[in-house]
Amino acid sequence: MADKLNIAIYPGSFDPLTNGHLDIISRASKLFDEVIVGISQSSSSKNYLFSDDERLKLAKKCTKKLINVKPIVFDGLLVDYAVKNNVNVIIRGLRAFSDFESEFQMALMNRKLNTDITTIFLMPHEKYTHISSSIVKEVFSLKGDISDYVSDEVLEALNQKYEKK
Ligand code: COA
């Protein structure tokens, strides 16, 4: 019998995907057979700039060179998606100590919900530890340069979004 594949999911809102996220995805793609980028579906409590479909298309464009990376949109409990899709690892990024508390809480809750799924933390490159999707959007909306922090595809999508506003 073939060995079990190690499939990891990297969940998040990715509104939009930044180079910091890409850094984590690329590190994970070297460690696992398959990496699913799990884009959380919009809900009434979260107000995203980009629709589910837009975030998915951007994630697909940005990861097209990474052949074992598959972006998808998921809803409901992350661990439920994981079980249905044979995922055994959840990847989360740790940018700074301040991420730790909420990540710790989420990892323990996910472990309580399903003991077979392990959360693994990866650190992005230092040059991305101070960014988030919101800060990138804010700087862009005020005409600041964010070209170090997002791909050309995301920059283009932000241009289109803010032109329409
Ligand atoms: N580079 C740049 N930014 C990063 C980053 C990195 N490496 N890692 C995290 N961030 C930023 C994100 O851009 C985001 O910024 P924003 O708040 O300005 O948009 C912020 O950090 C939060 O990160 P994210 O990874 O998107 O977390 P989230 O809190 O939005 O997502 C889910 C959390 C979707 C993973 C979680 O809510 C979930 O699993 N939901 C499904 C339902 C469920 O199972 N709930 C129970 C969980 S215990």
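Provided above is the structure to which this section pertains.
One structure accompanies this document, and this report is about it. As the structure is a prediction and not an experimental result, all values here were calculated from the model.

### Concerning the site of the ligand
The environment of the ligand is formed by 23 residues, the closest being Ser 13, Leu 78, Arg 92, Ser 133 and Ser 134. Taking Gly 20, its main chain carries an N or O atom lying 3.2 Å from a nitrogen atom of the ligand. Here an oxygen atom of the ligand and a side-chain polar atom of Ser 133 are 2.8 Å apart. When the free accessible area of the ligand is taken as 940 Å², the share hidden by the protein chains comes to 77%.

### Quick word on helix α6 (residues 152-164)
Over its 13 residues, α6 runs 19 Å from end to end, which matches the ideal 18 Å to within 8%, given 1.5 Å per residue. Along α6, the residues classified as buried are Val 154, Ala 157, Leu 158 and Lys 161. With its buried residues spanning 100 degrees around the axis, α6 presents them on a single face. Exposed positions of α6 whose direction lies more than 90 degrees from the buried face are Asp 152 and Glu 163. Packing partners of the buried residues in α6 comprise α2 (52-62) and α5 (133-141).

### Concerning the pairing of strand β5 (residues 118-122)
The sheet contact formed by strand β4 (residues 89-93) and β5 spans five bridges and is parallel. In the sheet register, Gly 93 faces β5, and the bridge partner there is Leu 122.

### A short note on the packing of aromatic side chains
In this structure the tally under the stated criterion is five aromatic pairs. Aromatic pair Phe 97 and Phe 100: ring centres 6.1 Å apart, planes at 10 degrees, arrangement stacked. Taken together, the residues span about one helical turn, with Phe 97 and Phe 100 both in helix α4 (residues 97-113) at a distance of three residues. Owing to a relative accessible area of 38%, Phe 100 belongs among the partly exposed residues under this scheme.

### As for the sheet that holds strand β2 (residues 34-40)
Pairing in this open sheet of five strands is parallel, and the strands run β3-β2-β1-β4-β5 from one edge to the other. Unpaired on one side and paired on the other, β3 (69-74) and β5 mark the two borders of the sheet. Averaged over all neighbouring strand pairs, the angle between strand axes comes to 30 degrees, with direction disregarded. Here helix α1 (residues 19-31) sits on the sheet and contacts β1 (7-12), β2, β3, β4 and β5; the angle it forms with β5, its principal contact strand, is near 120 degrees.

### Observations concerning the side chain of Asn 88
With respect to the secondary-structure elements, Asn 88 resides in the loop between α3 (78-84) and β4. Discounting chain neighbours no more than four positions away, the residues touching Asn 88 are Lys 4, Leu 5, Asn 6, Ile 7, Asp 116, Ile 117 and Thr 118.

### A word on the packing of α5 against α6
In contact at an axis separation of 11 Å, α5 and α6 are set at 60 degrees when each is read in the N-to-C sense. Regarding the angle of α5 to α6, the classification is oblique. Two packed elements cross with a definite hand, and for α5 against α6 that hand is right-handed. In this structure, α5 uses Lys 137, Phe 140 and Ser 141 to contact α6, whose residues at the interface are Leu 155, Leu 158, Asn 159 and Tyr 162. Of the residues that constitute the contact of α5 with α6, the class distribution is four nonpolar, two polar and one charged.

### A look at the nonpolar core
Within the largest apolar cluster, 31 residues are counted, with the highest numbers of intra-cluster contacts made by Leu 17, Phe 32, Ile 91 and Leu 158. Leaving out residues up to four positions away in the same chain, Leu 158 has contacts with Leu 49, Phe 50, Lys 137, Phe 140 and Ile 146. Of all hydrophobic cores here, the second largest spans twelve residues; its members include Ile 9, Ile 72, Leu 78 and Ile 90.

Thresholds, definitions, all that
Residues numbered from 1 in each chain as written. Predicted model: local features only at pLDDT ≥ 70, side-chain atom pairs only at ≥ 80, totals over all residues. Heavy atoms only, no water. Near = heavy atom within 4 Å. Polar contact = N/O pair within 3.5 Å; in protein donor to acceptor, adjacent residues only side chain to side chain. Areas by Shrake-Rupley, 256 points an atom, 1.4 Å probe, with all protein chains shown as cover. Helix = DSSP H or I, 4+ residues; strand = E, 2+ residues; numbered from the N terminus. Expected span 1.5 Å × (residues − 1). Buried < 20%, exposed > 50% of the residue type's maximum accessible area, 1.4 Å probe, protein only. Arc of directions from axis to C-beta. Contact = heavy atoms within 4.5 Å. Pairing = 2+ DSSP bridges. Phe/Tyr/Trp six-rings, centres within 6.5 Å; stacked < 30°, edge-to-face > 60°. Axes fitted to C-alpha atoms, helices over the stretch in contact; angles between N-to-C directions. Parallel < 35°, antiparallel > 145°, perpendicular 65-115°, else oblique. Left-handed = near helix turned anticlockwise from the far one by under 90°. Nonpolar A, V, L, I, M, F, W, Y, C, P; charged D, E, K, R; others polar. Core = buried A, V, L, I, M, F, W, Y, C linked by side-chain atoms within 4.5 Å.

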